[in-house]
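Given next are the chains, with one letter for each unit.
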Amino acid sequence: MSFMTKPVARHPKMPVNALGLTPRDYEGSMSTLCAGCGHDSVTAALIQALFELNVEPHRLAKLSGIGCSSKTPTYFVRDAHGFNSVHGRMPSIAAGANAANKDLLYVGISGDGDSLSIGLGQFCHAIRRNVNMLYVLENNGVYGLTKGQFSASADIGSTSKAGVPNRQGPIDSVRLALSLGATFVARSFSGDKHQLVPILKAGIAHSGFAFVDVISPCVTFNDHKGSTKSYAHTREHMHEVVETDFVPLRAEIKADYAEGSVKAVTMHDGSVVKLRKVDDDYDASNRRRVVDYLAETTAKGEVATGLLYLEESGADMHGFENTVDTPMVKIPYETLCPGSSALADIQKEWV
Ligand SMILES: Cc1ncc(C[n+]2csc(CCOP(=O)(O)OP(=O)(O)O)c2C)c(N)n1
Ligand code: SF4
Ligand SMILES: [Mg+2]
């Protein structure tokens, strides 16, 4: 229960990061989600990624909307900043906070209902603006919090718990993000921490909007036979297209990949993302081919996973707007707002 305080006892051999913090320091309140919910595994992966990246808790801002997924920021990094917004409105809160203070690290957690139904427009414009943030969509094909209605990501023919098939076509968040010009697009599975943690780390290091769709099964309403967002279906149909390895700036970069099979991309902070192709003809830097590839794998009923598309060259929201280097929150108020007398002087020019 979230009101219960977690015990503070620590194992003496618990790992410590460069800041002297342990993974426990990256935890939050006790989860109130159903036992086995995929969202809790995503939280665990985020805790590991933030711990391993030595993120200072006070430099992190966690943002969300409404849904079981949107509750999860409470369950990691208790000392970070946080804002739980209205359903589907997290992207504009993220854009506004980022505009005011670009020094913080923004992590947004959303659901398929939150991002693809009520918040679809917000989601699209955050991508277009290339808001510098990690955006995690915990995708279970249903509105978990409101008891299992089909969401906009439910596949045609996927059945509800009562056995009723969904007849409306799904919105594929990954293909949508690619078509809107997203510069970092990945898909993973809550049951695959080995794949998810490096993708989250790369997303945090990315300068711009890093989109990670995570198939995150809802054990209470959408984990039955007939559901295409269940643990069993995802395990059976998951197809890893690109294996991702994240090498932080301080770590030694070892040449442990066969020549030609790996592409190393240097991120703006100097860390390196290594992408090892699993399919020979896959190119994670060719947007058009990635879109075609995803259309083909989707038609075959496969769930393509990995860091599917990465572009390191794009300007983020501040680049587009040509903002000053100093974050707005650090600019003296008098500079930002010279007062009504200054406005009156300007107005005099027009009378
Ligand atoms: C404006 C508004 N409309 C509707 C709701 C009801 N509502 C709460 S959560 C939710 C859907 C959540 O689904 P999703 O984002 O997929 O999250 P999940 O619970 O599946 O993780 C809905 C429709 C609301 N809270 N606010
Ligand atoms: S209802 Fe579904 S999404 Fe919500 S906590 Fe339970 S398992 Fe998770
Ligand atoms: Mg959902």
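To start, this report covers the structure provided alongside it. (Residues numbered from 1 in each chain as written. Chains lettered and ligands numbered in written order. Predicted model: local features only at pLDDT ≥ 70, side-chain atom pairs only at ≥ 80, totals over all residues. Heavy atoms only, no water.)

A look at the site of ligand 2
At step 1: Surrounding ligand 2, one finds Leu33, Cys34, Cys37, His39, Cys68, Asn140, Gly144, Cys218, Val219, Thr220 and Phe221.
At step 2: In terms of residue class, the shell around ligand 2 is built from 7 nonpolar, 4 polar and no charged. (Near = heavy atom within 4 Å. Nonpolar A, V, L, I, M, F, W, Y, C, P; charged D, E, K, R; others polar.)

A look at the sheet that holds strand 4 (residues 133-139)
Sheets are built from strands paired through backbone hydrogen bonds, the pairs being either parallel or antiparallel.
At step 1: Pairing is mixed in the open sheet, where 8 strands are placed in the order 2-1-3-4-8-7-13-9. Here the strands that pair on one side only, and so sit at the sheet edges, are strand 2 (81-84) and strand 9 (238-240). Across the sheet, the axes of successive neighbouring strands diverge by a mean angle of 20 degrees, strand direction being ignored.
At step 2: Note: strand 4 against strand 8 (residues 209-215), 7 bridges, orientation parallel. (Pairing = 2+ DSSP bridges. Helix = DSSP H or I, 4+ residues; strand = E, 2+ residues; numbered from the N terminus. Axes fitted to C-alpha atoms, helices over the stretch in contact; angles between N-to-C directions.)

With respect to the site of ligand 1
At step 1: Taken together, 17 residues form the shell around ligand 1, and within it Cys68, Ser69, Gly113, Asp114 and Gly144 come nearest.
At step 2: The backbone of cysteine 68 places a nitrogen or oxygen atom 2.8 Å from an oxygen atom of ligand 1.
At step 3: Considering ligand 1 on its own, with 590 Å² of exposed area, one finds that the protein chains cover 75% of that surface.
At step 4: Among the secondary structure elements, those contributing two or more residues to the shell around ligand 1 are helix 2 (68-71), helix 4 (112-116) and strand 5 (142-143).
At step 5: With 3 residues, the single largest contributor to the shell around ligand 1 is helix 4.
At step 6: Counted by class, the shell around ligand 1 contains 6 nonpolar, 9 polar and 2 charged residues. (Polar contact = N/O pair within 3.5 Å; in protein donor to acceptor, adjacent residues only side chain to side chain. Areas by Shrake-Rupley, 256 points an atom, 1.4 Å probe, with all protein chains shown as cover.)

Bear in mind that shape data such as this cannot, by itself, settle questions of function.
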